[in-house]
4 protein chains.
Amino acid sequence: MNTFGRNLRLTTFGESHGPAIGGVLDGLPAGLCIDFDEVRRQIARRRPGQSALTTARTETDIPEWLSGISPDGITLGTPIAFMTRNRDQRSKDYEAWADMWRPNHADFTYEARYGIRDHRGGGRASARETYARVVAAAIVRQWLSLRNINVEAVLCGAGEVTVDEIFDTLIHHPKLSPHLNIASSQTEAMHAAIARAKAAGDSIGGSVAVLVTGLPAGIGSPVYAKLHACLAEAMMSINAAKGFEYGLGMAAATASGIATADIFTTDSNDNVITTTNYSGGIQGGISNGMPIYFRVAFKPTPTVMQSLPTLTRDHRTVTLPASGRHDPCVALRAVPVVEAMTVLTIADALLSDTFYR
Amino acid sequence: MNTFGRNLRLTTFGESHGPAIGGVLDGLPAGLCIDFDEVRRQIARRRPGQSALTTARTETDIPEWLSGISPDGITLGTPIAFMTRNRDQRSKDYEAWADMWRPNHADFTYEARYGIRDHRGGGRASARETYARVVAAAIVRQWLSLRNINVEAVLCGAGEVTVDEIFDTLIHHPKLSPHLNIASSQTEAMHAAIARAKAAGDSIGGSVAVLVTGLPAGIGSPVYAKLHACLAEAMMSINAAKGFEYGLGMAAATASGIATADIFTTDSNDNVITTTNYSGGIQGGISNGMPIYFRVAFKPTPTVMQSLPTLTRDHRTVTLPASGRHDPCVALRAVPVVEAMTVLTIADALLSDTFYR
Amino acid sequence: MNTFGRNLRLTTFGESHGPAIGGVLDGLPAGLCIDFDEVRRQIARRRPGQSALTTARTETDIPEWLSGISPDGITLGTPIAFMTRNRDQRSKDYEAWADMWRPNHADFTYEARYGIRDHRGGGRASARETYARVVAAAIVRQWLSLRNINVEAVLCGAGEVTVDEIFDTLIHHPKLSPHLNIASSQTEAMHAAIARAKAAGDSIGGSVAVLVTGLPAGIGSPVYAKLHACLAEAMMSINAAKGFEYGLGMAAATASGIATADIFTTDSNDNVITTTNYSGGIQGGISNGMPIYFRVAFKPTPTVMQSLPTLTRDHRTVTLPASGRHDPCVALRAVPVVEAMTVLTIADALLSDTFYR
Amino acid sequence: MNTFGRNLRLTTFGESHGPAIGGVLDGLPAGLCIDFDEVRRQIARRRPGQSALTTARTETDIPEWLSGISPDGITLGTPIAFMTRNRDQRSKDYEAWADMWRPNHADFTYEARYGIRDHRGGGRASARETYARVVAAAIVRQWLSLRNINVEAVLCGAGEVTVDEIFDTLIHHPKLSPHLNIASSQTEAMHAAIARAKAAGDSIGGSVAVLVTGLPAGIGSPVYAKLHACLAEAMMSINAAKGFEYGLGMAAATASGIATADIFTTDSNDNVITTTNYSGGIQGGISNGMPIYFRVAFKPTPTVMQSLPTLTRDHRTVTLPASGRHDPCVALRAVPVVEAMTVLTIADALLSDTFYR
């Protein structure tokens, strides 16, 4: 299943070291005039090789647009296809591993399912696939922006360093247009933690906070397509994600009902708001007009600079050599991907629900 | 959207105080001989009014089977429809609230979306809807049992009492057929915490641990229908769920890659296993044959025995009267629902994937 | 697969002689005030036992509404479930046939697919299933009526009697609000043909003409959900349908391009119209604002009052006894079902497409 | 909606004169060793410019494979993406028509739906889109061939010339492996009819006969995904299709039930067969193991070499100039497209149903 979404659908394709990576975005309304500079800025945020903290692989990663856009840059309502060639692939680096199952990777499970696996660069299981998500969302977020809906994500944890004050602020001082830059005070500490892991040849986990503002009340479907269920599915589809929580989140398990009741009131324009936001902007699976926020936890990059024992396809025990290059903290590079999947989910909810009004 | 699943689909219907609650299960293979006693046992686990800790509403809740089953109790391959009448509804209890939006409930958001709301008993947003999920899963789990796949859930946290040793055991001492009864040592403490909340007129959150054993390696779809993404979506579709984590879970964010590598080896039958199970039985979205486990956090029941300020539909501030009856810990009653959604998700993955082999 | 539609979805259930027949309609907008008298009128049109020309089975067929409707009769936006009990089933009539495969029925193929079959009254393959379609559409057509969209079907052929002038009129004298009553001049002749077949113990085929008026231009999706492709799928899902044609239809195969060009012009209100309507109101899969019309051909009822040779499940050749009761012309009873499926298809197209504007 | 299929899904993209045309095929099992020479042969059958009877546009049309295939040419189970650049586009030819709505084309309706239209070469509505269907099916048919399932289509009507004896033979002399080459006796006459239309600057309609052999009994879903309903939807999604009929087809409307009963018997291997095949190989929406056959009618190419009156976007009446080049009989070029859509539909049915066994 390589398609995401119901009325706005993204189908992606491509193996890490195959000919190309790309996607087809279907269902975006016609008439959107695309700002391609903004698209490039979004893609640049995801690009590897940007700092000492991420992989050394350098790729220009400018997508080629194949369809769905008029010569003037306006969406036609037809599917928008795009792709980028894979370059700098160093597939030979992977030859040594062709028969081995790398721990915590998808090597063994792909073989269990398909009986065959493209071992070069992780094949389809590589995070390279997320390129297509970021490209598609770079267009879709412009459609959301026209409706004053904004999506923002930041790294809010790397190893032992975590930025919990973000959530305290969002719960207790809800505004209709908050920002996540409160995390910036800890950015340096988080980057230092990543650098330490890298220096040790190890990797560390991390977490990403997301904030959606401007979404009106009434979006999302009750029961099986609850807005937060769609967000959870979207987030858990990102490589290395291990947990999702929204609003009060996992801490809800130890909370009191009276203490966490979000009391309804009105603002100066007689809009309905709540005085706190333990609910995370969603009640009963439908947006309530308050900011939506959630957190996603990512495991450490499985690839480490240390040799590990493992099995080959024919069940021989071997030593997997230490890797030459890797991202020590996948959460850092996941930030724009988390944003992208949020954008796609919110836009799909809007395009699925507005006909009900 | 009131349908769950891709190749095995459950469509549910019904409002809490409407004529009936039920569902249609489509896609279950023909030829399964249903054990109706077992179905009744499963339904009984969910039924309200079982102890002082859950709501006083008493319902027999025996489903009426409408289709899809032969006179001998064998599935025909056609849709299995079932329903139960709503009784003991006390809709009058809700009349006072007809124009009020109860805090942390879906009253306001349903109105924002639909412009109309069945206020009686929470309407479609009531946890009563989960009855249909438990009934459907009570059949489907029999189909899984024939394949030696078992699903088990337990309460693993209620308020301040949590049972983290479950997860330590599952990670560090993986066996192919573990059980969750390790939680039983704390059952009394958890129930006491719930009783305290009830006595105080308050409610508390809780969490539920789930274990799936017997699922072979190779089930689940990479990229957008990752097995854990489907599980996350399923869990977050349950009323009051606020967070989902599998394997190492949220703790992955602070972990080291080297320390959490699940090393592949073989057991005495030359089956591939891992020496630890930080991965939670899923790698790259596909099962690896090890036990799958995850945890779901639930918020406290929004209904409490204390009056709260709120708004009416026309934005007047009023006092919502204290409720007469409620479940102080929704997580307790969610246990069989969590199991049911796990059963449906795993069976759908099996029915979606096996043709690939 | 027992669900029809994308954004407006009807899931049906029930075997002919099982406990009940019914459906769940999901996705209909909230706020529609249902006229239940009109629903009953629509259901009455389909009911068997209405004349000497249709089966003698008598059923009251009043649906019980299970969910999705407020006590005042207003749609809640939640799934509308309904059912009716099966009565007057005479299952014993079918015992003799339990092991035989009736020619041109689905007995053999159900067994080939499922390995089991409910032989009583045709089980799930019975036209009784169409009851649920008519009930659901009886509500949905009220939603269409509010938008001035009307759907009308008539019998336009029974055995040798056919009413081709309907189509000539629709092509050459297009108006925005035509009617199909031109067929009425031949109704008597068609009924006489059916009566002759019945008297001979035989059955005859027939065809049904459909007209949709009031649908604005721009509805339908190009490429794979072309409006006429959705209509074709819907029509061919009706029992005994063997062919579908719209606009010029099968006759297109022998036509000239110049002679059948629908020339664009404007009416007195500057609306775009075409001077002829060979296109049948759809161009490129999207409505063009002109009346949509099409025809569906139905085979003769397979059940006849004559004994036929056939096989049993274990491949013995036997004589299938002549049937006691049957509809000699299934097309006659298909008229309201054809209307119902058209209503569902058009409403789904509207609910899928309007967000694009 | 640019995706076809349920478990085997083809998503296509591209405008006629945009950068590229292509598709993504998702759900094909892993392990198929692709014969690329055979793929090229299939594509060559569709290519324009092959004879004096089809458009002069010449394209090499060799697809570039972007993903899903191992370096050895084996399917990986991941999405297979492919594309071809558009060349020889002569977009200038279309500039004169940019503001005009060509009769019987989708110009007006695309604008009604999207408010914007790529007028160059018909944009997304061009038959050029079918290239992607033929490429995808060229792979999928190899997977069918391994199961001894074969799909064959031929032109069986062009203007006044029709080859009805094909159907008489298929009905009355059913064999398990017939061929359609009976049509070849009339090929010359059909080509002559096309040549006459071309010489006259006109176009003519045509029809295509299809035969599927080797499909076992039990494939297809009853009720809403009946095998013939899926085939009807698939056929009507092809440009210019106006009608679909299977088995007895439209002629069923005038038939007698007794005369058209397909009597069950067994062949020398004790396989269940029928002595005639009025049913067209499908009963109750499920294959019965006999050959499946159907016919699709196509309208004449709307583009003709004669000027016609029409409207501009601002409702001025103008004269549409005669076209410079066109296919006088779209049915001729539709033959491989009809085959392709049949292949995709049958394979999807197999991949959707076999888990029921």
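Look up a bit, the structure's there.
A brief structural summary.

Definitions and limits used
- Residues numbered from 1 in each chain as written.
- Chains lettered and ligands numbered in written order.
- Predicted model: local features only at pLDDT ≥ 70, side-chain atom pairs only at ≥ 80, totals over all residues.
- Heavy atoms only, no water.
- Helix = DSSP H or I, 4+ residues; strand = E, 2+ residues; numbered from the N terminus.
- Rg over C-alpha atoms; globule rule 2.2 N^0.38 Å.
- Contact = heavy atoms within 4.5 Å.
- Areas by Shrake-Rupley, 256 points an atom, 1.4 Å probe, with all protein chains shown as cover.
- Lys, Arg positive; Asp, Glu negative; His and termini not counted.
- Charge placed at Lys NZ, Arg CZ, Asp CG, Glu CD.
- Phe/Tyr/Trp six-rings, centres within 6.5 Å; stacked < 30°, edge-to-face > 60°.
- Lys NZ or Arg CZ within 6 Å of the ring centre and 35° of its normal.
- Buried < 20%, exposed > 50% of the residue type's maximum accessible area, 1.4 Å probe, protein only.
- Buried area = accessible area lost by both parts, 1.4 Å probe.
- Salt bridge = Lys/Arg side-chain N within 4 Å of Asp/Glu carboxyl O.
- Polar contact = N/O pair within 3.5 Å; in protein donor to acceptor, adjacent residues only side chain to side chain.
- Nonpolar A, V, L, I, M, F, W, Y, C, P; charged D, E, K, R; others polar.
- Least-squares fit on C-alpha atoms with pLDDT ≥ 70 in both.
- Axes fitted to C-alpha atoms, helices over the stretch in contact; angles between N-to-C directions.
- Parallel < 35°, antiparallel > 145°, perpendicular 65-115°, else oblique.
- Left-handed = near helix turned anticlockwise from the far one by under 90°.
- Arc of directions from axis to C-beta.
- Pairing = 2+ DSSP bridges.

## Let's talk about the overall build of chain A
Phase 1: From N to C terminus, chain A includes 7 helices and 16 strands.
Phase 2: In terms of overall dimensions, chain A is globule-like: its C-alpha atoms have a radius of gyration of 21 Å, near the 21 Å expected for 357 residues.
Phase 3: If one aligns the C-alpha atoms of chain A with their principal axes, the spans along those axes are about 65 × 50 × 35 Å.
Phase 4: In chain A, once contacts between residues fewer than 6 apart in sequence are set aside, the share between residues at least 24 apart is 72%.
Phase 5: When the accessible surface of chain A is totalled, it reaches about 10,900 Å², and 51% of it is carbon and sulfur.
Phase 6: In chain A, 33 side chains carry a positive charge and 34 a negative one; their mean positions are 5 Å apart.

## Considerations on the packing of aromatic side chains
Phase 1: Tallied over the full model, the rule gives 36 aromatic pairs over all chains.
Phase 2: Following the ring pairs from residue to residue traces out a cluster consisting of A:Phe36, A:Trp65 and A:Phe82.
Phase 3: The positively charged end of A:Lys242 is found above the aromatic ring belonging to B:Tyr246, 3.8 Å away from the centroid.
Phase 4: Seen from the ring of B:Tyr131, B:Arg128 lies directly overhead, with NZ or CZ sitting 5.5 Å from the centre.

## Points about helix H3 (residues 107-114) of chain C
All names here are of chain C.
Phase 1: When you tally the buried positions in H3, you get 7 out of 8 residues, the bulk of the element.
Phase 2: When H3 is considered as a whole, its buried residues turn out to be Asp-107, Phe-108, Thr-109, Tyr-110, Glu-111, Arg-113 and Tyr-114.
Phase 3: Of the residues flanking the end of H3, it is Gly-115, one or two places downstream, whose phi is positive at about 75°.

## What to know about the interface of chain B and chain A
Phase 1: With 99 residues of chain B at the interface, the matching set in chain A holds 99 residues.
Phase 2: When the buried surface of chain B facing chain A is broken down by residue, B:Arg113, B:Tyr224 and B:Lys242 rank first, second and third, together holding 13% of it.
Phase 3: Joining chain B to chain A, the criterion identifies 0 salt bridges.
Phase 4: Put simply, chain B and chain A have 41 residue pairs in polar contact (both at pLDDT 80 or more) between them.
Phase 5: Classifying every residue of the side of chain B that touches chain A gives 44 nonpolar, 37 polar and 18 charged.

## A few points about the pattern of salt bridges
Phase 1: Considering all chains together, one arrives at 72 salt bridges over all chains under this definition.
Phase 2: Between A:Arg316 and A:Asp314 there is a salt bridge, and its shortest N-O distance comes to 3.4 Å.
Phase 3: With a shortest N-O distance of 2.7 Å, B:Arg40 and B:Asp37 are connected by a salt bridge. One end of the pair, B:Arg40, and the other, B:Asp37, are both in helix H1 (residues 36-46), 3 residues apart, so they sit about a helical turn from each other.

## Considering the relation of the copies chain C and chain D
Phase 1: Under the fitted operation, chain C is carried onto chain D by 0.0 Å of movement along the axis and a turn of 180°, and the coordinates agree to an RMSD of 0.0 Å. Considering both components of the superposition, the chain copies are consistent with a two-fold axis.
Phase 2: Most of the interface of chain C is mirrored in chain D, where 99% of its interface residues again form contacts.

## So, the packing of helix H7 (residues 227-236) of chain C against helix H7 (residues 227-236) of chain D
Phase 1: Axis separation between H7(C) and H7(D) bottoms out at 8 Å; the angle between their running directions is 165°. It follows that H7(C) is roughly antiparallel to H7(D) by the angle criterion. The chirality of how H7(C) crosses H7(D) is right-handed. On the side of H7(C), the interface is formed by C:His228, C:Ala229, C:Ala232, C:Glu233 and C:Met236, while H7(D) contributes D:His228, D:Ala229, D:Ala232, D:Glu233 and D:Met236.

## Observations regarding the relation of the copies chain B and chain A
Phase 1: Rotating chain B by 180° about the axis while translating it 0.0 Å along that axis superimposes it on chain A, leaving an RMSD of 0.0 Å.
Phase 2: Taken as a fraction of all interface residues of chain B, those also at the interface in chain A reach 99%, which identifies the copy contact as same-surface.

## Re H1(B)
All names here are of chain B.
Phase 1: Among all positions of H1, only Glu-38, Val-39, Gln-42, Ile-43 and Arg-46 are buried. Across the axial projection of H1, the buried residues extend over an arc of 140°, all falling on one side.
Phase 2: The backbone nitrogen of Asp-37 has a side-chain oxygen 3.0 Å away, supplied by the residue at the start of H1, namely Asp-35.

## Some remarks on the side chain of A:Arg120
Phase 1: With respect to the helices and strands, the residue A:Arg120 is situated in the loop between helix H2 (107-114) and helix H3 (130-146).
Phase 2: Within the structure, A:Arg120 has its side chain in polar contact with the side chain of A:Asp118 (distance 2.8 Å).

## Examining the pairing of strand S5 (residues 80-85) of chain A
All names here are of chain A.
Phase 1: Burial analysis of S5 places 5 of its 6 residues in the buried class, which makes it a mostly covered element.
Phase 2: Bridge analysis of strand S3 (residues 20-26) against S5 gives 6 bridges, and the strand direction is antiparallel. Residue pairing across strands places Leu-25 opposite Ile-80, the latter belonging to S5.
Phase 3: With 2 bridges connecting them, strand S4 (residues 64-65) and S5 associate as antiparallel partners. If you follow Glu-64 over to S5, its bridge partner there is Met-83.

## A short note on the pairing of strand S2 (residues 9-13) of chain B
Residues and elements named next belong to chain B.
Phase 1: Burial analysis of S2 places 5 of its 5 residues in the buried class, the great majority of the element.
Phase 2: Judged from the 2 bridges that link them, strand S1 (residues 3-4) and S2 form a sheet pairing that is antiparallel. Pairing of Phe-4 across the sheet is with Leu-10, part of S2.
Phase 3: Following S1, the chain reverses through 4 residues before pairing antiparallel with S2; Gly-5 in that reversal takes a positive phi of roughly 105°.
Phase 4: Both S2 and strand S3 (residues 20-26) contribute to a ladder of 5 bridges, which runs antiparallel. Bridge assignment links Leu-10 to a residue of S3, and that residue is Leu-25.
Phase 5: In this antiparallel pair of consecutive strands, S2 and S3, the connection spans 6 residues, and Gly-14 shows a positive phi of 120°.

## Focus on the side chain of C:Ser67
Phase 1: Tracing the backbone through its elements, the reader meets C:Ser67 in the loop between strand S4 (64-65) and strand S5 (80-85).
Phase 2: For C:Ser67, a relative accessible area of 3% puts it in the buried group.
Phase 3: Look past the residues within four positions of C:Ser67 in its chain and what remains in contact with it is B:Phe13, B:Gly14, B:Glu15, C:Pro79, C:Ile80 and C:Ala81.

## As for the interface of chain C and chain D
Phase 1: Opposite the 99 residues of chain C that make contact, chain D presents 99 residues.
Phase 2: When chain C packs against chain D, close to 7,800 Å² is buried across both sides, 62% of that on carbon and sulfur atoms.
Phase 3: The largest per-residue losses of area from chain C upon contact with chain D belong to C:Arg113, C:Tyr224 and C:Lys242, which jointly make up 13% of the total buried on that side.
Phase 4: Counting the contacts that link chain C with chain D gives 0 salt bridges.
Phase 5: Here chain C and chain D share 41 residue pairs in polar contact (both at pLDDT 80 or more) between them.
Phase 6: Across the side of chain C that touches chain D, the residue classes break down as 44 nonpolar, 37 polar and 18 charged.
Phase 7: Note: strand S9 (residues 241-246) of chain C against strand S9 (residues 241-246) of chain D, 3 bridges, orientation antiparallel.

## Points about the sheet that holds S3(A)
Phase 1: A sheet is described by the order of its strands in space; here 5 strands give the open sequence S1-S2-S3-S5-S4 (chain A), paired in antiparallel fashion. Every interior strand has two partners, whereas the edge strands, strand S1 (3-4) and S4 of chain A, have only one.

## Looking at the packing of H1(B) against helix H3 (residues 130-146) of chain B
Residues and elements named next belong to chain B.
Phase 1: Running from N to C, H1 and H3 point in directions that differ by 145°, and their axes come no closer than 9 Å. As H1 packs across H3, the resulting crossing turns out to be right-handed. Each of Glu-38, Val-39, Gln-42, Ile-43, Arg-45 and Arg-46 in H1 lies in contact with H3, whose residues at this interface are Thr-130, Tyr-131, Val-134, Val-135, Ala-138, Ile-139, Arg-141 and Gln-142.
Phase 2: For the contact of H1 with H3, the residue count by class is 7 nonpolar, 3 polar and 4 charged.

## Overview of the environment of D:Thr317
Residue and element names in this part refer to chain D.
Phase 1: Summarising the element assignment, Thr-317 is placed in strand S16 (residues 317-320).
Phase 2: Taking the C-alpha atoms as reference points, Thr-317 and Ala-209, 108 residues apart in sequence, are found 40 Å from one another.
Phase 3: Those residues in contact with Thr-317 that sit more than four places away from it in its chain are Thr-310 and Leu-311.

## Examining the sheet that holds strand S14 (residues 292-298) of chain C
Phase 1: Pairing is antiparallel across the open sheet formed by 10 strands, whose spatial order is S7(C)-S6(C)-S8(C)-S14(C)-S9(C)-S9(D)-S14(D)-S8(D)-S6(D)-S7(D). Edge positions in the open sheet fall to strand S7 (161-162) of chain C together with strand S7 (161-162) of chain D, since each of these has one partner strand only.
Phase 2: Taken together, the 2 bridges between strand S6 (residues 150-158) of chain C and S7(C) define a ladder with antiparallel strand orientation. Note on S7(C): the bridge partner recorded for C:Ala158 is C:Val161.
Phase 3: Packed onto the sheet, helix H6 (residues 187-199) of chain D meets strand S6 (150-158) and S7 of chain D and runs at close to 55° relative to S6(D).

## What to know about the environment of C:Gly285
Residues and elements named next belong to chain C.
Phase 1: For Gly-285, the location among the structural elements is in the loop between strand S12 (282-283) and strand S13 (286-287).
Phase 2: Gly-285 sits in the buried class, given a relative accessible area of 0%.
Phase 3: Linking Gly-285 and Pro-222, residues 63 residues apart in sequence, is a C-alpha distance of 5.2 Å.
Phase 4: Excluding residues that lie within four positions of it along the chain, Gly-285 makes contacts with Ile-219, Gly-220, Ser-221, Lys-226, Leu-227 and His-228.

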